[in-house]
Amino acid sequence: LYPYSYSILRAESQLLRLKNKCKVEILRIPEVFGYSPCIDLNRGLNHTIWKAKYANRIQIEGNGRNTLSYIFLENLISYILKLISSGGKQVPITLA
């Protein structure tokens, strides 16, 4: 494991220790894309969209078959609000 991955797993294990005292939900959120006044152009998709719009080109790293998980900002907000208002029930996830 990379140090960052290891630190995330350790943090999650610490949170899971609280399960007997309170409700614990761990969200492993993929890269988020969508409008933000503080857009981070170091993120892959944001940078690609910016390059396409302003530099009129797209650069693909690797062989073009790479896959990454992304979620649109508004979908993520909607899901989190459903999770909060569900009262502890499972919330279906629609990835579209």
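Scroll up to find the structure this text is about.
What counts, and at which threshold
- Residues numbered from 1 in each chain as written.
- Predicted model: local features only at pLDDT ≥ 70, side-chain atom pairs only at ≥ 80, totals over all residues.
- Heavy atoms only, no water.
- Helix = DSSP H or I, 4+ residues; strand = E, 2+ residues; numbered from the N terminus.
- Salt bridge = Lys/Arg side-chain N within 4 Å of Asp/Glu carboxyl O.
- Buried < 20%, exposed > 50% of the residue type's maximum accessible area, 1.4 Å probe, protein only.
- 1 Å grid on protein atoms, 1.4 Å probe; cavity = no way out; pocket = protein on both sides within 12 Å on 5 of 7 lines; lining within 4 Å.
- Points joined across faces, edges and corners; volume = space filled by probe spheres on them.
- Nonpolar A, V, L, I, M, F, W, Y, C, P; charged D, E, K, R; others polar.
- Phe/Tyr/Trp six-rings, centres within 6.5 Å; stacked < 30°, edge-to-face > 60°.

> Is there a simple way to think about the environment of Pro 30 in this case?
For Pro 30, the location among the structural elements is in the loop between helix 1 (3-16) and strand 1 (31-33). The spatial distance from the C-alpha of Pro 30 to the C-alpha of Phe 72 is 9.7 Å, given a sequence separation of 42 residues.

> How do you make sense of the pattern of salt bridges when you look at a structure like this?
Side chains bearing opposite charge may pair, as long as their charged atoms lie close to each other. Enumeration according to the criterion identifies 1 salt bridge in this entry. In this structure, the salt-bridge partner of Glu 12 is Arg 28, at a minimum N-O distance of 2.5 Å. Residue Glu 12 is found in helix 1, and its partner Arg 28 is found in the loop between helix 1 and strand 1; the two are separated by 16 residues along the sequence. Exposure remark for Glu 12: the relative accessible area of 11% places this residue in the buried category.

> Help me understand the layout of surface pockets in this model?
One way to see where empty space is left: roll a probe the size of a water molecule over the atoms. Taken as a whole, the largest pocket spans an internal volume of roughly 420 Å³. Gly 44, Thr 48, Gln 59, Ile 60 and Glu 61 are, among the 16 residues lining the largest pocket, the residues nearest its centre. With 5 residues, helix 2 (residues 44-55) is the largest single contributor of residues to the lining of the largest pocket. Among the residues forming the lining of the largest pocket, the class breakdown is 5 nonpolar, 6 polar and 5 charged.

> Explain the packing of aromatic side chains to me, please; I cannot follow it from the model alone.
For any pair of aromatic rings, geometry is given as the distance between the ring centres together with the angle between the planes. Tallying each qualifying case throughout the model produces 1 aromatic pair. Aromatic side chains Trp 50 and Tyr 54 sit 5.6 Å apart centroid to centroid with 45 degrees between the ring planes, which places their arrangement in the tilted category. Of this pair, Trp 50 and Tyr 54 are both found in helix 2, 4 residues apart, which corresponds to roughly one turn of the helix.

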